[in-house]
Every structure is written in structure tokens, then in C-alpha cells.
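Report on the structure
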Amino acid sequence: MLRLVFIPIFLLMGCAGPGSNIFNFTPQKSYSEYLVEFNSCTGRGTLKSKGSLKGKLPFSFRSQRDSTFLEFSDPIGRKALLVWITKNSITARNLIDNKQYQYDEVTELLPVLKVLEPKDITQIIWGAQPNFKEKFKAMPQSLKNDIVLDFYKKNIPDEKQALVGMYYYEENAKNSIEIDIDVRKRNKDFLNMKKVWRLLKY
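Residues numbered from 1 in each chain as written. Predicted model: local features only at pLDDT ≥ 70, side-chain atom pairs only at ≥ 80, totals over all residues. Heavy atoms only, no water.

This part is about the overall build of the chain. Secondary structure summary: the chain contains seven helices and nine strands in total. Taking contacts inside the chain between residues at least 6 apart in sequence as the whole, the part at least 24 apart equals 61%. (Helix = DSSP H or I, 4+ residues; strand = E, 2+ residues; numbered from the N terminus. Contact = heavy atoms within 4.5 Å.)

This is the structure we're talking about:
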């Protein structure tokens, strides 16, 4: 159950591929520009996984500066997984099994972190494509040839041609992770992130 709940979590990544499938979209604004104009970002989306792990989980998100909180629900609507992301770390709590997981355990379940850093996930949440080229270049060629990581845009409420998703695929394992943001709202208001952080503690 842990793996089924976990994997869909970070579909949020994407853009490199077998033979280097990299599409560079120029966002309407950069992440740093968004942070000058807005203080927080909220919304919701869906996470999908195929292959050895199959599932579709809706999630909501709250982000402020370099901190992001994700809340995933299972197919019957129960809160299933909470994820806290900071610039260099990820912490997750499986509410079904009542277990807490640190960065190393999360990365085992989210192979997209082979290419992306935790901070990149927050940038995607805000609608900006992260720069992961240096990390990708340093990867073994065999791994580069096995990975597809794509970003895509679409129209969502209040935002046209917004960067809203990513698709990550491993050719050899035939596993894929996809994230699709349906609603995003950037806000002038600050969020009480301490309140959501307490949800991760026992």
C-alpha cells in the first residue's frame, strides 16, 4: 500500500528522455519573478502512475517561497499521503500505515529524483520549468538513454498556456509517472505553513 500511495506523489517531474527527449518551454515568467510578485501558490491536480505500480491520486498543494506541502487522497477520498518539500529535502508521511519517511526512502520510490532536485518540484508547482541540465549531463549515458522527461502546457482557469505537468518514463522498467495540475492560484497572501508542517509530526 505504501508504494501504491507513494509513487503517484511525484509525478510532478519532467523532461529528458531516451535519446534525450528534452523540451525547453520558456515560461511566461521565471520562478524568481513569480516570487517577487506573489507570496504563495495553491491549487490541485492529479497524479498517475503506470507499469509495476498503477494508480491515480488527486492531490492539493500549498507553496510559499521554497517550501511546498502536498496532500494526496486515495481513490475513496481518504487523506493518504502528506509530503513536505524544502529546497534540499523531502519528508513524507503515509497516513494509511501511519509511517514517516525521509529523503532517502522517498527517492527510492520516486526515481524522477534521479533527474530533479526537491527545489525543482516547487518550481513546477509554481508553473516554472526548472533547470536540471547540469544534473542530467552528469548522469551515465546508459541512464540518460533510458529516461524520458517531458513538460507540457495547457489552459487552466485564469492562466493560458500554463506549464501544468510533467511526464517521466523509464524505458527498461516500463514505468511512468505523470502529474497534471488542474487549478493553480498565485496569491499575495502568506500561508500558515507551520500549521501544515505539524500534520507531518506524530
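With that out of the way, let us pick up the sheet that holds strand β8 (residues 159–170). Taking strand neighbours across the sheet as the criterion, the nine strands line up as β6-β5-β4-β3-β2-β1-β9-β8-β7 in an open arrangement whose pairing is antiparallel. Each edge of the open sheet is held by one strand with a lone partner, namely β6 (99–101) and β7 (147–156). Between one strand axis and the next, the sheet turns through 20° on average, direction left out of account. Both strand β3 (residues 67–73) and strand β4 (residues 79–85) contribute to a ladder of six bridges, which runs antiparallel. Note on β4: the bridge partner recorded for T68 is I85. (Pairing = 2+ DSSP bridges. Axes fitted to C-alpha atoms, helices over the stretch in contact; angles between N-to-C directions.)

Right, let's get into the packing of aromatic side chains. Counted by the stated rule, this structure contains six aromatic pairs. Centre to centre, the rings of Y167 and Y169 are 6.3 Å apart; their planes meet at 10°, and the pair counts as stacked. Given a relative accessible area of 28%, Y167 falls into the partly exposed group. A network of ring pairs unites the aromatic residues F59, F61 and F72 as a single cluster. Just above the ring of F136 sits the side chain of K144; from NZ or CZ to the centre is 5.8 Å. (Phe/Tyr/Trp six-rings, centres within 6.5 Å; stacked < 30°, edge-to-face > 60°. Buried < 20%, exposed > 50% of the residue type's maximum accessible area, 1.4 Å probe, protein only. Lys NZ or Arg CZ within 6 Å of the ring centre and 35° of its normal.)

On to helix α4 (residues 118–126), then. The buried fraction of α4 is high, at eight of nine residues. Of the residues making up α4, those classed as buried are P118, D120, I121, T122, Q123, I124, I125 and W126. Just downstream of α4, G127 is the residue with a positive phi angle, here 100°.

Moving on, we come to the pattern of salt bridges. In total, this model carries nine salt bridges according to the counting rule given. The partner of D74 in a salt bridge is R78, and the shortest N-O contact between them spans 2.6 Å. (Salt bridge = Lys/Arg side-chain N within 4 Å of Asp/Glu carboxyl O.)

Once that is clear, we can look at the nonpolar core. Ranked by size, the top nonpolar core spans 43 residues in total, and within it F59, L70, F72, V83, V115, W126 and L149 carry the most contacts. In terms of residues, this core owes the most to one element, β8, which gives five residues. Beyond its immediate stretch of four places on either side in the chain, V115 contacts F132, K135, F136, M139, I147, L149 and Y168. Among the nonpolar cores identified, the runner-up in size contains six residues, and L82, W84, M193 and L200 belong to it. (Core = buried A, V, L, I, M, F, W, Y, C linked by side-chain atoms within 4.5 Å.)

Attention shifts here to the confidence of the model for the chain. Chain-level statistics for the chain give a pLDDT mean of 81 and a share of 83% at 70 or above. Note that pLDDT drops below 50 for residues 1–27; the model gives that stretch 126 contacts with residues more than four away or on any other chain. (pLDDT = per-residue confidence, 0-100.)

Regular strands place their side chains on alternate faces of the sheet. Two strands pair when backbone bridges link them, and strand β1 (residues 40–50) and strand β2 (residues 55–64) are joined in this way by nine bridges, in the antiparallel orientation. Paired with T42 across the strands is R62, a residue of β2. Strand direction decides the pairing type here: β2 and β3, joined by six bridges, are antiparallel. Its bridge partner being in β3, R62 is matched across the sheet by F69. Linking two consecutive strands that pair antiparallel, namely β2 and β3, is a turn of two residues; a positive phi of about 55° is found at R65 within it.

Mapped onto the secondary structure, N187 falls in strand β9 (residues 175–187). Of note is the side chain of N187, whose polar atom sits 3.2 Å from the backbone oxygen of K185. Beyond its immediate stretch of four places on either side in the chain, N187 contacts F38, N39, S40, C41 and T42. (Polar contact = N/O pair within 3.5 Å; in protein donor to acceptor, adjacent residues only side chain to side chain.)

By the element assignment, S40 lies in strand β1. For the pair S40 and D189, spaced 149 residues apart in sequence, the C-alpha separation works out to 6.5 Å. Excluding its chain neighbours within four sequence positions, the residues that come into contact with S40 are S63, Q64, W126, K185, R186, N187, D189 and L191. Here D189 takes part through its backbone oxygen, which lies 2.7 Å from a polar atom of the side chain of S40.

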